[in-house]
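# Architecture at a glance
Here is what each chain is made of, one letter per residue.
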Amino acid sequence: MKIATWNINGVKARIDTALAWIKEASPDIACLQEIKSVDEGFPTSAFEDLGYNVATHGQKGFNGVALLSKLPFDEVNRGLPGDDADEHARFIEGVFSVESGALRVVSLYLPNGNPIDTPKFPYKLAWMERLRVWAAERLTYEEPLVLAGDYNVIAEPRDAKDPSLWLNDALYQPETRKAFRAIETLGLTDALRATTDEDGLYTFWDYQAGAFQKNNGIRIDHLLLSPQAADRLVSVGIDKHVRGWDKPSDHVPVHVELRI
DNA sequence: ATGTCGAATTCTATTCGA
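Residues numbered from 1 in each chain as written. Chains lettered and ligands numbered in written order. Predicted model: local features only at pLDDT ≥ 70, side-chain atom pairs only at ≥ 80, totals over all residues. Heavy atoms only, no water.

## Focus: the overall build of chain A
A tally of regular secondary structure across chain A gives five helices and 14 strands. Over its C-alpha trace chain A gives a radius of gyration of 17 Å, about what one expects of a compact globule, namely 18 Å for 260 residues. Dimensions of chain A, computed from the C-alpha atoms along their principal axes, are close to 45 × 40 × 40 Å. When the 260 residues of chain A are sorted by exposure, 54% land in the buried category. (Helix = DSSP H or I, 4+ residues; strand = E, 2+ residues; numbered from the N terminus. Rg over C-alpha atoms; globule rule 2.2 N^0.38 Å. Buried < 20%, exposed > 50% of the residue type's maximum accessible area, 1.4 Å probe, protein only.)

And the structure:
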C-alpha cells in the first residue's frame with residue numbers, strides 16, 4: 001500500500017498540478033496539507049472522479065488538511081485534542097480496514113512557529129506536546145499508524161543544505177528539535193531515515209532566490225510509523241521532480257510503500 | 001535585494017502567513 005504526504009500550498013491554485021501528480025503516483029492514500037480552503041470549497045469531485053474518497057478539515061484563507069483514499073473511511077477524526085481554544089485546521093485522522101485489522105493515517109500540518117519572539121513559537125511547541133500526548137495514546141492500540149505531514153521541523157543538520165541559514169528559524173530551534181525527538185522516542189520511526197543515511201534529501205525549497213535551482217532545501221515533510229507500520233515498510237521515496245513542474249508547490253510529495 | 005506565492009480585504013493595491 002502506497003501512502004503519500006504533500007503540502008500543496010493551496011488546493012484551488014494547484015488543482016491541475018495535484019491531479020497530474022495523483023494520476024502519475026496513484027497513491028492508495030494521500031495526505032494533503034495547506035489546502036487553504038473551507039470544506040465546501042474543496043474540489044472533492046475532481047478527486048472522486050479519479051477513484052478517491054475525500055475527507056477534509058479546512059478553514060478560510062490558510063492551513064487546512066485533507067485525506068484522499070482509495071479505501072473507504074471507517075472513521076474520520078478532525079482536530080488535534082488538547083486545546084479547545086485552538087481553531088486552526090491542522091489535523092485529520094482516517095481509519096481504514098485492512099487484512100490485519102485497522103490502519104490509521106493522519107495528515108498533519110504542524111505550526112510554522114515563526115517569528116520565534118512572538119506567540120507563534122510557544123503555540124508551535126505546545127502543539128507538538130499535544131501531538132506527543134495524542135501519539136502516546138494511539139500507540140497503545142498496537143496498530144499500524146502513519147503520522148504524515150508537514151512537520152515544519154528540521155530534525156538534524158543533514159536535513160538542510162545550509163543549517164547555518166536556519167539558526168534563528170523556528171524550524172531548527174533546539175526546543176523544536178527536542179520536541180520532535182520526544183515524539184520519535186515514543187517508538188515512532190522516521191520512514192526515510194529507516195531506509196537511508198544520505199544527506200542532500202529535501203522536501204521543501206523556498207520560492208525565493210532560486211532555492212530549488214541551487215538545491216538549497218530542507219527536509220521537513222515526514223512520515224512517522226508505529227512499530228506495526230515500520231515492520232511493514234518496504235520503501236520510501238521523494239517525488240523531487242514535481243518541484244520542477246509548472247506552478248509547483250514549494251513542497252514535494254513524500255511516500256512510503258507498506259506491505260499491507 | 002528576502003529576489004515568491006496564495007488568499008483575503010483594504011480590491012487594477014496592500015496585508016498576512018508562509
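Anyway, onward from the coordinates.
## A look at the environment of Gln-208
Relative to the helices and strands, Gln-208 is located in the loop between strand S10 (204-205) and strand S11 (217-218). Look at Gln-208 and you get exposed, because its relative accessible area is 59%. Taking C-alpha positions, Gln-208 is 9.8 Å from Asp-250, a pair spaced 42 residues apart along the chain.

## Considerations on helix H1 (residues 15-25)
Taken together, the buried positions of H1 are occupied by Ile-15, Thr-17, Ala-18, Leu-19, Trp-21, Ile-22 and Ala-25. Buried residues along H1 sit in contact with strand S1 (2-7), strand S2 (29-33), helix H2 (44-48) and strand S4 (65-69). Positive phi appears at Ser-26, one or two residues downstream of H1, with a value of about 45 degrees. (Contact = heavy atoms within 4.5 Å.)

## A look at helix H4 (residues 174-184)
Each α-helix turn comprises 3.6 residues. Residues three or four places apart therefore point the same way. All of the buried residues along H4 are Thr-176, Arg-177, Ala-179, Phe-180 and Ile-183. When H4 is viewed along its axis, its buried side chains cluster within an angular range of 160 degrees and face the same direction. Turned more than 90 degrees off the buried face of H4, the exposed positions are Pro-174 and Lys-178. Tucked inside the fold, the buried residues of H4 contact helix H3 (120-139) and strand S12 (221-225). (Arc of directions from axis to C-beta.)

## Side note on the protein's contact with DNA strand B
In the neighbourhood of DNA strand B, 18 residues make up the surrounding shell, with Arg-14, Lys-60, Tyr-207, Gln-208 and Ala-209 lying closest. Sugar plus phosphate, as a fraction of atoms of DNA strand B within 4 Å of the protein: 73%. At 3.0 Å from a phosphate oxygen of DNA strand B is found a side-chain nitrogen or oxygen belonging to Arg-14. At a separation of 3.4 Å, a phosphate oxygen of DNA strand B approaches a polar backbone atom of Gly-61. In terms of residue class, the surface near DNA strand B is made up of four nonpolar, five polar and nine charged. (Near = heavy atom within 4 Å. Polar contact = N/O pair within 3.5 Å; in protein donor to acceptor, adjacent residues only side chain to side chain. Nonpolar A, V, L, I, M, F, W, Y, C, P; charged D, E, K, R; others polar.)

## Focus on the pairing of S1
Counting buried residues in S1 gives six out of six residues, a clear majority hidden from the surface. Taking every second residue as pointing to the same face, both faces of S1 are buried, with Lys-2, Ala-4 and Trp-6 on one and Ile-3, Thr-5 and Asn-7 on the other. Of the pairings in the sheet, the one linking S1 to strand S14 (residues 254-258) comprises four bridges and is antiparallel in character. Within the sheet, the bridge partner assigned to Ala-4 lies in S14 and is His-255. Looking at chain direction, S1 and S2 are connected through five bridges and run parallel. Within the sheet, the bridge partner assigned to Ile-3 lies in S2 and is Ile-29. Of the crossover connections in this fold, the one passing from S1 over H1 to the parallel S2 is right-handed. (Pairing = 2+ DSSP bridges. Right-handed = clockwise from strand over helix to strand, strands pointing away.)

## Thoughts on the UniProt feature "binding site: Mg(2+)" (unreviewed entry) in chain A
Under the UniProt annotation, "binding site: Mg(2+)" (unreviewed entry) lies at Asn-7, Glu-34, Asp-150, Asn-152, Asp-250 and His-251. The named residues occupy 245 residues along the chain; their greatest pairwise C-alpha distance, 12.8 Å, places them in one compact cluster. Mapped onto the secondary structure, Glu-34 falls in the loop between S2 and H2. Residues within four places of Glu-34 in sequence aside, it is in contact with Asn-7, Ile-8, Asn-9, Gly-10, Val-11, Asn-63, Gly-64 and Tyr-109. Along the chain, Asn-152 turns up in the loop between strand S8 (145-150) and H4. In this structure Asn-152 touches Tyr-109, Leu-110, Pro-111, Asn-112, Lys-124, Leu-171, Thr-176 and Ile-220, once residues within four positions along its chain are discounted. (UniProt positions renumbered as here; feature names shortened; annotations may be inferred.)

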